[in-house]
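Structural overview
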Amino acid sequence: AGFPRSGTPMARLGSDDDTAACVGMSAQAVVCDLPAHKSGNVTLEVSWNGQDYTSSGIQFRYTSVLAVSMVEPSAVLAQGGATVTLLSGSDGLASAADGLHCDFSGTRATAVRLDARRATCTVPSSLSVGKHSVGLVRRGAVEGDWLSDSDGRAWVTVVSELSVVSAVPSTSVLSGGTLVTITGSGFSSAPAEDLVCHFGGAGASSAEVLSDTAVRCLAPAAGAAGARVTSATVGLMEDADGSVVDVPGHSVGSIAFEYLTTPTVTGVHPGEAAYASAGGSVTVTGAGFPRSGTPMARLGSDDDTAACVGMSAQAVVCDLPAHKSGN
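Residues numbered from 1 in each chain as written. Predicted model: local features only at pLDDT ≥ 70, side-chain atom pairs only at ≥ 80, totals over all residues. Heavy atoms only, no water.

1. Some words on unusual backbone geometry
The cut-off we apply is this: Each helix is a run of DSSP H or I of at least 4 residues and each strand a run of E of at least 2, with the numbering of both proceeding from the N terminus. For every residue, the accessible area (1.4 Å probe, protein chains only) is compared with the maximum for its type, and the residue is labelled buried under 20%, exposed over 50%, or partly exposed between those bounds.
A cis amide bond links V168 with the next residue in sequence, P169, at an omega value of -10°. Here P169 lies in the loop between β15 (163-168) and β16 (171-173). In this chain, H269 is followed by P270 through a cis amide linkage whose omega measures -5°. Residue placement: P270 occurs in the loop between β25 (264-269) and β26 (280-287). In this model, S105 sits at a positive phi of 50°, which is unusual for a non-glycine residue. Position of S105 among the secondary structure elements: in the loop between β9 (100-104) and β10 (107-113). On the accessibility criterion, S105 (43% relative accessible area) is partly exposed.

In structure tokens form, the structure reads like this:
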């Protein structure tokens, strides 16, 4: 603020003698053409007379053309062959196409430049399970010499093969929210923050890793109430920056998972009985009862439950336990 309209603005970079010519745009902005500079942070101050500079302490960062700010996806399966995209913090890749490679903890793979900020590489199959530093390097003028930016690197995690064998329960109502435990293998090798459960076209939710053989997640909503019953496939996929990505990262195997319309209960027959000391069978009637799954009844807010047998989409028969008298 308070930039004068008179004088010749110029910028100074840190304590160096590097200066840059600027053009005043308004009382709040000038445009400066910065010179080449070594990578790192510099303090940028502005003067309108070449002697009196501002003292704001504003930091500006020069990055190497090989600096990497992000890699996605951030987790891949161990068999190799996955393609990752490395993102540069500057437009420097436009001038670094020749001899460009990705360096995975010392193992190099040819990089393909997509544009001035992005390059892709195929993850080598030789990488071990675990976390690996990844960056961009290019061939130097001398044979065997590689140029790199040791500070401008990101991380990619190689996980063992994920497999899925069961889901309990295997159904959810359309509104979602059912806590589902998925069993399989290889879960603990994946970064916990990157692992999600994928329910076919219904979407995905974050997974809680219980062990190497089990994860737990909430089934997402599958649509508005009244929609037809749909089937989904449960799988595990890697999540990159909040968005679910497809191959690579999909688990081996899948489980049939079914979304059901919300059932309703309209009656219990008989409506009362002397079950205070001994249980008995009742028929629960309603609508939309699923033919799959294991029906069970809950009595009030208690933990008392009863096993039931599905008879039709309108009835189940339940063997109620002993219970204190009352509604």
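2. Details of the sheet that holds strand β29 (residues 315-320)
Note the cut-off: Here the rule is simple: two strands pair whenever DSSP picks up at least two bridges between them. What counts as an axis is a line fitted to C-alpha atoms, over the stretch in contact for a helix, and the angles between N-to-C directions run from 0 to 180 degrees.
Pairing is antiparallel across the open sheet formed by five strands, whose spatial order is β25-β26-β29-β28-β27. Both outer strands of the open sheet, β25 and β27 (296-298), are each paired with one neighbouring strand and no more. On average, each strand axis in the sheet is tilted by 35° relative to the strand beside it, whichever way the strands run. The sheet contact formed by β27 and strand β28 (residues 305-312) spans three bridges and is antiparallel.

3. Section: the sheet that holds strand β20 (residues 208-211)
What the four strands build is an open sheet, ordered β15-β17-β21-β20; its pairing is antiparallel. In this open sheet, the two edge strands, each paired with only one partner strand, are β15 and β20. Between one strand axis and the next, the sheet turns by 30° as a mean value, whatever way the strands run.

4. Description of the nonpolar core
Test applied: In plain words, nonpolar cores are sets of buried Ala, Val, Leu, Ile, Met, Phe, Trp, Tyr and Cys residues tied together by side-chain atoms within 4.5 Å.
Membership of the largest hydrophobic core comes to 22 residues, with the highest contact counts inside it found for L86, F104 and L136. Counting only elements with at least two residues in this core, the list comes to β6 (68-72), β8 (83-88), β9, β10, β11 (118-122), β12 (130-139) and β14 (154-159). The next biggest cluster of nonpolar side chains, apart from the first, holds 20 residues, and it includes A167, L195, F257 and Y259.

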